[in-house]
Amino acid sequence: MKALVTGGSGFLGSFVVRELLDAGCNDVVILMRGHDAAACRARLRSLWHNRPELLAALDARISVVCGDITAERLGLNPGEYAELVGKVTHIVHTAAEIGVNETAQRFGEVNVGGTLHVLEFAHAAASAGALEHLVHISTAYVAGTREGLVREDELVDAGFNSLYEQSKFGAEQLVRDVSSRIPVSIVRPAQIVGDTATGFAATFNTLYYPLKLYLTGKLPVLPVSAQQKLNMVPVDFVARMAVRALLSPQAVGKTFHAVIPASHQPTVGELLAFVRDWSIQVLKYDPGT
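Residues numbered from 1 in each chain as written. Predicted model: local features only at pLDDT ≥ 70, side-chain atom pairs only at ≥ 80, totals over all residues. Heavy atoms only, no water.

Asks: I'd love a proper account of empty space enclosed by the protein, names of residues and values included.
Replies: The final tally for this structure, using the stated rule, is 1 cavity of 30 Å³ or more. In this structure, the largest cavity encloses a volume near 40 Å³. Forming the walls of the largest cavity are Val 142, Ala 143, Arg 146, Val 150, Glu 154, Leu 155, Val 156 and Arg 188. For the lining of the largest cavity, the per-class residue count stands at 5 nonpolar, no polar and 3 charged. (1 Å grid on protein atoms, 1.4 Å probe; cavity = no way out; pocket = protein on both sides within 12 Å on 5 of 7 lines; lining within 4 Å. Points joined across faces, edges and corners; volume = space filled by probe spheres on them. Nonpolar A, V, L, I, M, F, W, Y, C, P; charged D, E, K, R; others polar.)

Asks: Give me the pattern of salt bridges: which residues, what numbers.
Replies: Following the criterion strictly, the structure yields 13 salt bridges and no others. Put simply, Lys 87 and Glu 83 hold a salt bridge, and the shortest N to O gap is 3.4 Å. Residue Lys 87 and its partner Glu 83 are located together in helix α4 (residues 78–87), separated by 4 residues, close to a single helical turn. Overall, the relative accessible area of 46% leaves Lys 87 in the partly exposed class. Across the salt bridge formed by Glu 172 and Arg 188, the nearest N and O atoms sit 2.6 Å from each other. (Salt bridge = Lys/Arg side-chain N within 4 Å of Asp/Glu carboxyl O. Helix = DSSP H or I, 4+ residues; strand = E, 2+ residues; numbered from the N terminus. Buried < 20%, exposed > 50% of the residue type's maximum accessible area, 1.4 Å probe, protein only.)

Asks: How would you explain the layout of surface pockets if you had to name every residue and give the values?
Replies: For the second largest pocket, the calculated volume is near 710 Å³. If you list the elements that add at least two residues to the lining of the second largest pocket, you get α7 (208–215) and α9 (268–283). Of all the elements, α9 adds the most residues to the lining of the second largest pocket, at 3 residues. In the lining of the second largest pocket, the residues fall into 17 nonpolar, 8 polar and 3 charged.

Asks: Provide a residue-level description of helix α5 (residues 104–127), including the pertinent values.
Replies: Its 24 residues give α5 an end-to-end C-alpha distance of 33 Å, which sits within 8% of 34 Å, the value for a rise of 1.5 Å per residue. Along its length, α5 reaches its greatest deviation from straightness, about 30 degrees, at Gly 113. Considered for burial, the residues of α5 that qualify are Phe 107, Val 110, Asn 111, Gly 113, Gly 114, Thr 115, His 117, Val 118, Leu 119, Phe 121, Ala 122 and Ala 125. Buried positions along α5 lie against β1 (3–6), α4, β4 (90–93), β5 (133–137) and α6 (163–177). (Expected span 1.5 Å × (residues − 1). Bend = angle between axes of the 7 residues up to and from the residue. Contact = heavy atoms within 4.5 Å.)

Asks: Mind laying out the nonpolar core, listing which residues take part and the relevant values?
Replies: Core analysis: the largest hydrophobic core is formed by 39 residues, its most contacted members being Leu 12, Val 16, Val 17, Leu 20, Val 28 and Ile 62. Secondary-structure elements contributing two or more residues to this core are β1, α1 (11–22), β2 (28–32), α2 (37–47), α3 (52–57), β3 (62–66), β5 and α8 (235–246). Beyond its immediate stretch of four places on either side in the chain, Ile 62 contacts Val 17, Leu 21, Val 28, Ile 30, Trp 48, Leu 54 and Ala 57. By size, the runner-up hydrophobic cluster in this structure holds 26 residues, among which are Val 65, Leu 74, Tyr 81 and Val 175. (Core = buried A, V, L, I, M, F, W, Y, C linked by side-chain atoms within 4.5 Å.)

Asks: Provide a residue-level description of a nonpolar patch on the surface, including the pertinent values.
Replies: Together, Phe 274, Trp 278, Val 282, Leu 283 and Tyr 285 line one region of the surface with nonpolar side chains, adding up to about 510 Å² of accessible area. Here Leu 283 lies in helix α9. (Patch = residues over 30% accessible without salt bridge, like charges linked within 9 Å, V, L, I, M, F, W, Y side chains within 5 Å. Areas by Shrake-Rupley, 256 points an atom, 1.4 Å probe, with all protein chains shown as cover.)

Asks: Which residues make up the packing of α1 against α8, and what are the values?
Replies: Interaxial distance between α1 and α8 falls to 8 Å at its minimum, and their mutual angle equals 50 degrees. Here α1 is positioned oblique relative to α8, judged by the angle of their axes. Where α1 crosses over α8, the two elements pack in a sense that is right-handed. Facing α1, whose interface residues are Phe 11, Leu 12, Phe 15, Val 16, Arg 18, Glu 19 and Leu 20, α8 presents Val 235, Asp 236, Val 238, Ala 239, Arg 240, Val 243 and Leu 246. Residues belonging to the contact of α1 with α8 are distributed by class as follows: 10 nonpolar, no polar and 4 charged. (Axes fitted to C-alpha atoms, helices over the stretch in contact; angles between N-to-C directions. Parallel < 35°, antiparallel > 145°, perpendicular 65-115°, else oblique. Left-handed = near helix turned anticlockwise from the far one by under 90°.)

Asks: Lay out the environment of Gly 217 with the relevant residues and their values.
Replies: Along the chain, the position of Gly 217 falls in the loop between α7 and β8 (232–234). Overall, the relative accessible area of 43% leaves Gly 217 in the partly exposed class. C-alpha of Gly 217 to C-alpha of Gly 288: the two residues are 71 residues apart in sequence and 7.9 Å apart in space.

Asks: Break down the pairing of β2 for me, with residues and values.
Replies: Buried residues dominate β2, accounting for 5 of its 5 residues. Along β2, one buried face is formed by Val 28, Ile 30 and Met 32 and the opposite face, lined by Val 29 and Leu 31, is buried too. In this sheet, β2 lies alongside β1 in parallel orientation, the contact comprising 4 bridges. Its bridge partner lying in β2, Thr 6 is registered against Leu 31. Chirality of the crossover, the property in question, places the unit of β1, α1 and β2 among those that are right-handed. Bridge analysis of β2 against β3 gives 5 bridges, and the strand direction is parallel. Bridge pairing in β3 places Val 29 opposite Ser 63. (Pairing = 2+ DSSP bridges. Right-handed = clockwise from strand over helix to strand, strands pointing away.)

Structure follows, in C-alpha cells:
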C-alpha cells in the first residue's frame, strides 16, 4: 500500500497521515509546495514540533514530494509523476483553500482546478492498474442555502453563502462526474474543530474566531439565538472516517456526512457558558464583565 495525501501538512491532513500510520500503512507520501523536498521536510519538522508520532515516522514511513495541485501533473517532473502513477494505490485529497478573504479566482484555482489535477493523476494511476481507492474531502456546506433534509447521495445547487461553499460544490461535482471511471468516495465534514483527546487545533478559524472576539471583549453579544445548534466535528473523527472509507472496498462510490447527531450538537449558549467557566478558572478572567 502506497498512500498519497494532498494537504498532508495541514490540520486535517496531518491527522489523516496519523490515521494511515495507525492503520499499518508504511508508505505515506505527502504532496506539498516548497522550493525542494528538503525544504518541505524542514517545514514539516517545524509544523510537527509537537507531534512526536509524526516526526518519528518522517523519512521512514513518511516521504515528501515537492509539488502543487494547482499545476499540471501536480507540478512534478515527468519521472516523479510516472513513478507515482505506477505505485500509488490510495489517495486522500484533503488540500483546499479555506481562507474567508480569498477571491473567486483563488478558490477556483485550488479547490476546483486542484481537484481536477488530482483526479487526472488518479485516472492515470487507475489506468496503470495501481489505484485502488481515492477519498475526496468535501464539506457538508456544499448544501449551501438548502434547508431541511440533505441526503448524502445528493448534490443540488440551491445557491451558496460563500465563495468557499461554491468552489467545494464545483470540486465535488468533478469527483462525482468521474466516479464511473475512478474508485472514489466522498467525505463531507461539518465545521472541523480540535482533537477530542487534547483539544489540539492547528488553525483557529470557523467558530474559534468569534470565540476569540468574545474572550477579548470585542464581541460581548453574539447575534444568534442561544439555542442555535453548532454543527461541528472533531478533526480526529473526520480523519478516522476518511481512512476507514479509504480502506473499505464497500465504500467506493459512496458519500459520507462526517457530522455528529443533532441531539449531541452543543448550543451556542452551552458553548459560551463552558468557555466562560474555563476562562474564569484557567485565565482568572470573566469575559462577561
